[in-house]
Every structure is written in C-alpha cells, then in structure tokens.
Amino acid sequence: MPERETTHLDYAEEAQAAERAEAWPQAAALWRRAAECFPKHPCARAAADRDQYLASAEACNHRHAVDSKLEKIAKNVLKVPTLKYRRSDQLDFHELSVGQIKLALRAAYEAGRQSERAK
C-alpha cells in the first residue's frame, strides 16, 4: 500500500501539538510548512486559511520571544535557573522576597513597553 502524502492538515495537527507543549519554534515551523503545502486554490477561503496558518506561525514566534524575555528576567533578577517544569518540588518552587518579585515585574513591564515602542 503506497504511503499517504503529508497534507497541510497533518502539519497543522502537529503544530497544535507543539503549541500544547509550548515548543514555539517547532510549532512556528510546522505552521509555515502547513501554509506552504496548502493546495493552491484561487478562492478567497483558501487564501484566508493559508493566511491563518502564517498568522499562527507569527503568534508562535511572538510567544517564543516573550518566553525568552521572561526566562532572562527569571535568571537575572529572581536567580531562578529555568522556568521549565522539572517535576520536583525542590526544583520547581523557590523562595523569593517581595523586593525580588517587584524587580522582576518591573523588568517585565519595561520589556513590554520597549516592545510596544519598537512596533
């Protein structure tokens, strides 16, 4: 039996799974691949669906950028080595002072302001 060709729907399904795992770069690549192999069809609906795949890829890129900034703030301000779940209370819970939390929130706020100014 011949192997079935991978379709845009297959890539979209994989992209959704990558999003659930918060694997943003992989999800973005899969959304772009789904858009690339979308059937070329002149109707407006097909173009809108392709555009939605590309918009989903951009959203994943944005989430990755935000997560990277938050990770940097966690490391530099809160002295938390990673924001990834490690399934251990000793590794996933941290004692933080109110001052540290305030500095981290201020850093996140400023990062958001700079991001808005860059648009």
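Every chain's residues receive numbers from 1 upward, in the order its sequence appears when written. Two thresholds apply to this predicted model, a pLDDT of at least 70 for residue-level local features and 80 or more for giving and counting side-chain atom pairs, whereas whole-chain, interface and lining totals are computed over all residues. Note: side-chain values were computed over all heavy atoms of the structure, leaving out hydrogens and water.

Caption draft 1: Structural context of the pattern of salt bridges. What makes a salt bridge here is a side-chain nitrogen of Lys or Arg within 4 Å of a carboxyl oxygen of Asp or Glu, nothing more. With the rule as written, the count across this model stands at 4 salt bridges. In this structure, Glu-19 and Arg-63 form a salt bridge, with 3.9 Å as the shortest nitrogen-oxygen distance. In this pair, Glu-19 is assigned in helix α1 (residues 8–20) and Arg-63 in helix α3 (residues 44–76), connecting sequence segments 44 residues apart. To sort residues, take the accessible area from a 1.4 Å probe on protein chains only and compare it with the maximum for the residue type: under 20% means buried, over 50% means exposed, and anything in between is partly exposed. Classification of Glu-19 as partly exposed rests on a relative accessible area of 22%. Judged by its relative accessible area of 35%, Arg-63 is partly exposed. Salt-bridge contacts for Glu-110 lead to Arg-113; the nearest nitrogen and oxygen are separated by 3.8 Å. Of the two residues, Glu-110 and Arg-113 are both situated in helix α5 (residues 98–118); the distance of 3 residues between them amounts to about one turn of the helix. Secondary structure elements are defined from DSSP: runs of H or I of at least 4 residues count as helices, runs of E of at least 2 residues count as strands, and each element is numbered from the N terminus.

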